[in-house]
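Summary of the model geometry
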Amino acid sequence: MRDDDPLPPDPLLPASVARALDEYRALRDEHGPTWGENRLTYIVQAWATVFLDMRRHDYRGACFRQLAGRHPGASPRELEDRLGEVDVERAVRDALAGDVPDNLPALRLAPGRAHALECVTRVVAGDGPPPRTALLLDSSRDEPVTVLVDGTPHEVEPGGARVVEVEREVSVDGRRVDLAPLVRRAPAARLRLRAGFPCRWSVTGANGQGWYPDGVPHKMDAHRRPYFHGDDLVLTVPAEPVTVTVTRGMEYAEARAELTPAAGAETPVELTPERLYDAAARGWYGGDLHVHLNWMGEEPAAPALAAAAQHGEDLHVLNLVAGNVAGARVYDLEALTHWLGADLPWSDARHVARFGVEYREDLVGHLSAFGPRGLPGRFHAGFAGAADWPPNAVACGELHGLGAVLGYGHPFHTPFSDADPPDVVLDRGRNCAAREIVADAALGLVDTLDVLNHSSIAATAAVYRRLIGAGNRLAVTAGTDAVLSFLRRGTASGPPGWARVYARVEGPLSVESYAEAVRRGRTFATSGPWLELSVNGLGPGSTLDVTPGERVEITVASAGPEVQELEIRTADGVLAQGPPGRLSATLVVGEPTYVVAVATGGPHPRSHHRSGAHAHTSPVHLDVAGAHVARPEDVRWCLAWLDRLEVILKESGRFDGERQFEDHLALYDRAREVYRSRLL
């Protein structure tokens, strides 16, 4: 090729995708991490969580305390309705409660024209430019104060807070603020990292600061650990003590090295993580069915970042979903259109990636579609003042017609127990909860439920067991809702595949073979542990037809250091409990039932969810004389759910005419007929 020959097109960045990324960067540059989206409560929170550790900082509590101060005597329900009034910058300040994050130094503006800068000093290696940073202006004064930041005045109200960007200088009360504590320079060194295959790396200094190769997004996971993916990577670090760790998704342990690289030299670091288990060798392949490439965030993400993450996590199946945020724009629609129905270019025999769809409706729930062969006619409903119509069931029918596997994602956010009735479980308002699933499951319109997700795993598992106890055939799945364009937002900025659905595949891995395994319920979902279930030698997705009084033998096995307890559950509740490793039980079958296995553990470095480790299998169904499980208590619970859902739609739904509302009611009536038939 001659120097003046045009470069071949980048297979990971076709022109339509490149143009979309340019648009996203322009939105980010103009509006910041929210990309100009309508300021729904969860979008405002997405901005706030860039600065907060949601495991430690009570942002929601800070919002409610602020509103309660403005509206004394208001009920929690009334305060919930006023969340759009929150002064978000003040809420961030109050949630931090004096903490100073590394990306948000604070200028405390005290009475008497006093001020003080509090910060985590950032290290700059060599002669590189100092990092641009946000700055919290935190006033405890009784009068307004104006702060000049890089020549722009910012007024802070009495007792108020502002978050601003700072690059060069700050002055207040006619005096320049000394910004020298923000950075410290150190001699530069280089590291070359090798594991022999793509991995997830973390390189940190003594102050916890992360170091990254050039051009790599500065991402942090739910533990606030910096990370990046690849192999044989070179990066600049300070010639000071650093810690290097490497892992490769949940099937691997972590290897670690501590060293002090020499200034001006390149230091090789060779680390290989130990494998804890090899799922693919047993015919099981792990997937994350809900990942966004772009969906707001600090840095728009190109497909190459998804490729590096999938291989670096050894994630067998990756479903990148195109979806909207709060308006009409569907992010990554261009990529979905370009690669529609085709494996993404970095797929191989052990790794398959596709673009799919997240169908979003905040009142009745969000759906993830894996493997659609065509573009749907709609991607969302109920946003920007639009009607909450049609019911999700219409989208389910269309996406199923396109060959997709369908499931509800991040289903339930409020913790509750197996015993709680639907009027406790079903929050009011528009909160993305999977409210329509009880109807859609009865009518066979969905295939799965993401029991492993970033919301309440325990609550979702409780609803899942009610659904299958009521006679619905649903597979357990997992979707992290990881967003590659976010750098610092808890589980959303964590690596794809921190939760996975493992499916037992027949033959070579492909979208078709994996989808078929999921549809048949040959799955378990996990945040890390390996979990096996055997009932008379058969695994999840199987059905045994037994006679009343017949005995079945159940065995559960686990692997992984985070497991603390195993459970065997049937439709009647917990059959057996025990420590990790292996658990066995005998069940004398009377009525039709199911058997599932559950593994749990407390917070652990391998577990990214705030509640700790969790794994849950799909059921082995035990039919009796051909009759399926339909536990009356669970069926009535589902009927009560539909009654409560009607009330929520009346309170919070938006409809263009009574007929649209009646379409929802007609759907629920069809589901009621199914459930009532199971009581006969």
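A brief report on the enclosed structure follows. For clarity, every value in this text was computed on a predicted model and none was experimentally measured.

Here we come to the environment of alanine 517. Along the polypeptide, alanine 517 turns up in helix 12 (residues 511-519). According to the relative accessible area criterion, alanine 517 is buried, its value standing at 0%. Taking C-alpha positions, alanine 517 is 21 Å from threonine 555, a pair spaced 38 residues apart along the chain. Sequence-distant contacts of alanine 517, defined by excluding residues within four places in its chain, comprise Ala503, Arg504, Val505, Arg522 and Thr523.

Attention now moves to the sheet that holds strand 1 (residues 106-110). Consider a sheet: its strands pair through backbone hydrogen bonds, and that pairing is either parallel or antiparallel. Strand order in this open sheet of four strands is 2-1-4-7, and the pairing throughout is mixed. Of all strands in the sheet, those bounded by a partner on one side alone are strand 2 (114-118) and strand 7 (161-166). Within this sheet the neighbouring strands show an average axis-to-axis angle of 20°, counted without direction. In this sheet, strand 7 lies alongside strand 4 (residues 133-139) in antiparallel orientation, the contact comprising six bridges. Paired with leucine 136 across the strands is valine 163, a residue of strand 7.

Moving on, we come to the nonpolar core. Ranked by internal contacts, the top residues of the largest apolar core, which has 146 residues, are Ile437, Leu467, Tyr514, Trp641 and Tyr675. If one sorts the elements of this core by residue count, helix 13 (residues 632-652) sits on top with nine residues. Leucine 467 has contacts with Ile437, Val438, Ala441, Leu449, Asn472, Leu474, Cys638 and Tyr675, leaving out every residue within four places of it along the chain. Grouped together as the second largest cluster of nonpolar side chains are 30 residues, Ala576, Val589, Val620 and Leu622 included.

On to helix 6 (residues 303-312), then. Of all 10 residues in helix 6, seven are buried, a share of seventy percent or more. All of the buried residues along helix 6 are Pro303, Ala306, Ala307, Ala309, Gln310, His311 and Gly312. Once helix 6 ends, the next one or two residues include aspartate 314, with phi positive near 50°.

Overall, the coordinates contain 19 aromatic pairs when judged by the stated rule. With a centroid separation of 6.0 Å and 55° between ring planes, the pair formed by tyrosine 212 and phenylalanine 228 is classed as tilted. Of this pair, tyrosine 212 sits in the loop between strand 12 (199-205) and strand 13 (219-220) while phenylalanine 228 is found in strand 14 (residues 226-230), placing the two residues 16 residues apart along the sequence. When sorted by exposure, tyrosine 212 lands in the same class as phenylalanine 228, which is buried. In this structure an aromatic cluster arises from ring pairing among Tyr277, Trp284, Tyr502, Phe524 and Trp530. If you follow arginine 489 out to its NZ or CZ, it ends over the ring of phenylalanine 486, 5.2 Å from the centre.

Okay, the pairing of strand 35 (residues 582-588) next. Burial along strand 35 is one-sided: Leu583, Ala585 and Leu587 are buried, while Arg582, Ser584, Thr586 and Val588, pointing the other way, are not. Sheet topology places strand 32 (residues 551-559) next to strand 35; seven bridges connect them, and they run antiparallel. Paired with alanine 557 across the bridge in strand 35 is arginine 582.

Going from tryptophan 389 to proline 390, the amide bond is cis rather than trans, its omega being 0°. For proline 390, the location among the structural elements is in the loop between strand 23 (367-370) and helix 8 (392-401). Its identity as a non-glycine residue notwithstanding, alanine 97 has a phi of 50°, on the positive side. You can see alanine 97 is positioned in the loop between helix 5 (88-96) and strand 1. Residue class for alanine 97 comes out exposed when judged on its relative accessible area of 65%. Of note, aspartate 481 is a non-glycine position whose phi angle comes to about 60°, a positive value. Its place among the elements puts aspartate 481 in the loop between strand 26 (475-478) and strand 27 (482-483).

Closest axis-to-axis distance for the helix 2 (residues 41-48)/helix 5 pair is 10 Å, and the angle between their directions is 50°. The angle between helix 2 and helix 5 places the two elements in the oblique class. As for how helix 2 packs across helix 5, the hand of that crossing is right-handed. Taking contact as the criterion, the partners of Val44, Trp47 and Ala48 in helix 2 are, on helix 5, Val88, Glu89 and Val92. The class makeup of the residues in the contact of helix 2 with helix 5 is five nonpolar, no polar and one charged.

Moving on to the state of the cysteines. Per the stated rule, a full pass over the model turns up zero disulfides. For cysteine 638, which is in no disulfide, the shortest distance to another cysteine sulfur is to cysteine 396 and amounts to 16 Å.

All right, on to the sheet that holds strand 32 then. Read from one edge to the other, the open sheet built from three strands follows the order 30-32-35, with strand pairing classed as antiparallel. A single partner strand is all that each edge strand has here, and the edge strands are strand 30 (530-535) and strand 35. Strand after strand, the sheet turns through a mean of 15° between neighbouring axes, direction not considered.

Rules behind the numbers
- Residues numbered from 1 in each chain as written.
- Predicted model: local features only at pLDDT ≥ 70, side-chain atom pairs only at ≥ 80, totals over all residues.
- Heavy atoms only, no water.
- Helix = DSSP H or I, 4+ residues; strand = E, 2+ residues; numbered from the N terminus.
- Buried < 20%, exposed > 50% of the residue type's maximum accessible area, 1.4 Å probe, protein only.
- Contact = heavy atoms within 4.5 Å.
- Pairing = 2+ DSSP bridges.
- Axes fitted to C-alpha atoms, helices over the stretch in contact; angles between N-to-C directions.
- Core = buried A, V, L, I, M, F, W, Y, C linked by side-chain atoms within 4.5 Å.
- Phe/Tyr/Trp six-rings, centres within 6.5 Å; stacked < 30°, edge-to-face > 60°.
- Lys NZ or Arg CZ within 6 Å of the ring centre and 35° of its normal.
- Parallel < 35°, antiparallel > 145°, perpendicular 65-115°, else oblique.
- Left-handed = near helix turned anticlockwise from the far one by under 90°.
- Nonpolar A, V, L, I, M, F, W, Y, C, P; charged D, E, K, R; others polar.
- Disulfide = S-S within 2.5 Å.

Nothing here speaks to function; it is geometry throughout.
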